[in-house]
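Read off the chains here:
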Amino acid sequence: MAGQKQDRSQQEIEKAVILGLVSSDQTLEMLMEYFDELTFLASTAGAQVVKQFYQKLSMPNSKTYVGSGKLIEIANYIKTHEIDLAIIDDELSPSQQNYLEKTFECKVIDRSMLILDIFALRAKTVQAKTQVELAQMQYLLPRLRGMWSHLDRIKGGIGMRGAGEKEIETDRRVAKYKINQLKIKLKQIDVQNKTRRKNRGQLIRVALVGYTNTGKSTIMNLLSKSAVFAENKLFATVDTTVRKVVIETTAFLLSDTVGFIRKLPHHLIESFKSTLDESRESDILLHVVDLSHPHFEDQLKVVLKTLQEIDASNKTIITIYNKIDLYKKKAYDELMPKAKKEELFNKLQKSIRQQHKGPVIFLSATQGINIVTLKDTLLKEVIKHYRIRYPYKHSFY
Ligand SMILES: Nc1nc2c(ncn2[C@@H]2O[C@H](COP(=O)(O)OP(=O)(O)OP(=O)(O)O)[C@@H](O)[C@H]2O)c(=O)[nH]1
Ligand SMILES: [Mg+2]
């Protein structure tokens, strides 16, 4: 909730350990990648990860998550290093969470809760705040009984913001009532938004979509010259911004919205459905990929899958491979001749283009590389859509 939002700089950094499993469907390499992301999420939420723990188990133990030896090792570490918080890479069941908290004697939160917490910090509009609160309440409902009550040294912080802080003491009946109230409130906001969207008239709508931190807001700023919050943190944007953009003489609406992430909590997708409507109702999607990310292909797949889940996958998609400046810096040795770098990069572009049906653009939003190509391609697609929608109304294009 808004009043409980705190300034990051005034807040103490919490010391955290992270824990995950190498399991039958998750290799060590995959886990390390998840850990990188979890560490980034943790720092976005205001925690510093000081140690990683993992165990090889074909599947999580239903009561204790990891084996007993590992539990002792972690509990000892937590005690001797005064750790505030243990972050678990998977979604925990309420009983696993209870067990781990008793054993570790510190706060235990899972990936879902961490993401929900960041969303609670980032949400600015009433709609986004209500959506996050609903997701938190739904997440907390099965976990309300006895949650953290045995831990008197915990005063707040990560996992306790937003709904968590206020509602923890309430019983399930009150929580259920609250969930209903939030749903009603969201429906009302939704109706207002739908009317507003209709009133936007006949303009073609373009939505920026993509994994979190790929550069969507930076591109929004470039195209619309607006000041949308962009920074090197996960989920800098949780709300939706819509701007009217004019390229040459053609006008269209461009929206920037919340980024996607792996293992996005189910409740969040559910309650953010109406924010995601912006993408569902748009004519063209600008799918932004961070080419410099070591796992950009996985991220791309997650986004396409999420688009499918929200029924937004059968649209014209322009795929933007952003941060080519950073990619080149990382991938090619400084001493490599320029011509060789170009040759390799051309090869990469060719093979990536073959994987897409729609237009593909290689961009550096911050260095201003290929912006003209982006604008030209976008303009062409927008005009195509105007022609289909209004074959006789040439004033649009
Ligand atoms: N090197 C480099 N950095 C970039 C480029 N484009 C964006 N960035 C940086 O990447 C970070 C994330 O950019 P945002 O525009 O906030 O990304 P986003 O996709 O809106 O992120 P969320 O709102 O968190 O989903 C910022 O630090 C940007 O400055 C680029 O072309 N090259
Ligand atoms: Mg953003």
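That block above? That's the structure.
Scoring rules and cut-offs
Residues numbered from 1 in each chain as written. Chains lettered and ligands numbered in written order. Predicted model: local features only at pLDDT ≥ 70, side-chain atom pairs only at ≥ 80, totals over all residues. Heavy atoms only, no water. Buried < 20%, exposed > 50% of the residue type's maximum accessible area, 1.4 Å probe, protein only. Helix = DSSP H or I, 4+ residues; strand = E, 2+ residues; numbered from the N terminus. Pairing = 2+ DSSP bridges. Contact = heavy atoms within 4.5 Å. Core = buried A, V, L, I, M, F, W, Y, C linked by side-chain atoms within 4.5 Å.

Colleague: I'm lost on the pairing of strand S7 (residues 250-256) in this one. Help?
Modeller: Remark: a regular strand shows side chains that alternate across the two faces of the sheet. Extensive coverage of S7 is indicated by the burial of 7 of its 7 residues. Residues Thr250, Phe252, Leu254 and Asp256 point to one face of S7 and Ala251, Leu253 and Ser255 to the other, with burial holding for every one of them. As paired elements, strand S5 (residues 205-210) and S7 share 4 bridges and run parallel to each other. Each residue of the ladder has a partner; that of arginine 205, found in S7, is leucine 253. As judged from the 7 bridges shared by strand S6 (residues 241-247) and S7, these two strands associate in the antiparallel manner. Paired with valine 242 across the two strands is serine 255, which belongs to S7. If you look at the hairpin formed by S6 and S7, you'll find 2 residues sitting between the two strands, and glutamate 248 has a positive phi there, around 55°.

Colleague: Explain the environment of leucine 100 to me, please; I cannot follow it from the model alone.
Modeller: Of note, leucine 100 is situated in helix H3 (residues 94-104). Of the residues examined, leucine 100 reaches a relative accessible area of 0% and is grouped as buried. The spacing of leucine 100 and alanine 75 is 25 residues in sequence and 9.2 Å in space, taken between C-alpha atoms. Beyond its immediate stretch of four places on either side in the chain, leucine 100 contacts Thr64, Tyr65, Leu71, Ile88, Leu92, Glu105 and Val108.

Colleague: Would you explain the nonpolar core in this entry?
Modeller: Note that soluble globular proteins tend to have their nonpolar side chains buried in a common cluster. The biggest cluster of nonpolar side chains holds 57 residues, and the ones touching the most others in it are Leu41, Ile87, Phe119 and Phe235. When near neighbours in sequence (up to four residues on either side) are disregarded, phenylalanine 235 contacts Leu41, Ile115, Ile118, Phe119, Arg122, Thr212, Val258, Gly259, Ile261 and Leu264. Grouped together as the second largest cluster of nonpolar side chains are 29 residues, Ile204, Leu208, Leu286 and Leu378 included.

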